[in-house]
Amino acid sequence: MSNPLIRASDHYVLLEPDSKEKIVSKQEAILWLKNWLNKIETQTIYQNIKDTDQEFFEELLESTYELEIKLGYVIKWFAVRIEPD
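These remarks concern the structure in this document. Small disclaimer: the values here were computed from a predicted structure and weren't measured.

About the cut-offs
Residues numbered from 1 in each chain as written. Predicted model: local features only at pLDDT ≥ 70, side-chain atom pairs only at ≥ 80, totals over all residues. Heavy atoms only, no water. Helix = DSSP H or I, 4+ residues; strand = E, 2+ residues; numbered from the N terminus. Buried < 20%, exposed > 50% of the residue type's maximum accessible area, 1.4 Å probe, protein only. Areas by Shrake-Rupley, 256 points an atom, 1.4 Å probe, with all protein chains shown as cover. Phe/Tyr/Trp six-rings, centres within 6.5 Å; stacked < 30°, edge-to-face > 60°. Lys NZ or Arg CZ within 6 Å of the ring centre and 35° of its normal. Salt bridge = Lys/Arg side-chain N within 4 Å of Asp/Glu carboxyl O.

## What about the overall build of the protein?
Working step 1: If you tally the helices and strands in the protein, you get three helices and four strands.
Working step 2: When the helices and strands of the protein are read in sequence order from the N terminus, they spell out α-β-β-α-α-β-β.
Working step 3: Relative to its full complement of 85 residues, the protein shows a buried share of 29%.
Working step 4: Only carbon and sulfur atoms are counted for the fraction: they give 51% of the accessible area of the protein, which is about 6000 Å².

## Topic: the packing of aromatic side chains
Working step 1: All chains considered together, the criterion is met by three aromatic pairs.
Working step 2: With centroids separated by 6.1 Å and ring planes inclined at 80°, the aromatic side chains of Trp32 and Trp77 adopt a geometry described as edge-to-face. Pair noted here: Trp32 is in helix α2 (residues 26–37) and Trp77 is in strand β4 (residues 73–80), with a separation of 45 residues, a long-range link.
Working step 3: The buried category is assigned to Trp77, whose relative accessible area is 1%.
Working step 4: Here the aromatic rings of Phe56 and Phe57 are separated by 5.2 Å at their centres, their planes lie at 80°, and the arrangement is edge-to-face. Comparing Phe56 with Phe57, the two get one shared label, buried.
Working step 5: A cation sits over an aromatic face here: Lys70 above Tyr73, 5.6 Å from the ring centre.

## Some remarks on the pattern of salt bridges
Working step 1: Counting across every chain of the model gives three salt bridges.
Working step 2: Here Lys26 ties to Glu62 by a salt bridge, and the two come within 3.0 Å at their closest N and O atoms. Of the two residues, Lys26 is situated in helix α2 and Glu62 in helix α3 (residues 54–63); the sequence distance between them amounts to 36 residues.
Working step 3: Exposure remark for Lys26: the relative accessible area of 14% places this residue in the buried category.
Working step 4: A salt bridge links Lys76 to Glu66, with the shortest nitrogen-to-oxygen separation between them at 3.7 Å. On the criterion of sequence distance, the pair formed by Lys76 in strand β4 and Glu66 in strand β3 (residues 66–70) is long-range, its members being 10 residues apart.
Working step 5: A relative accessible area of 36% places Lys76 in the partly exposed class.
Working step 6: With relative accessibility at 32%, the residue Glu66 sits in the partly exposed group.

On their own, these measurements won't tell you what the molecule is for.
Here it is in structure tokens:
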């Protein structure tokens, strides 16, 4: 588990196969995650979650770091600290 101070910064690096990494805010990461959860090919517990359950998505971002969308296609994310200029 990463340091809680890093999570307090509310920025995430998003990783998708065959794409460049993206650094986004926590809200953007939640939207990204919601979009991917709708694309999961196999039946999972995540498909029963309502899009309005903000606490669930925040917990998912903080408690895990990857999700298999289909066989062999895994998205990943992790918290980062953004230093001000």
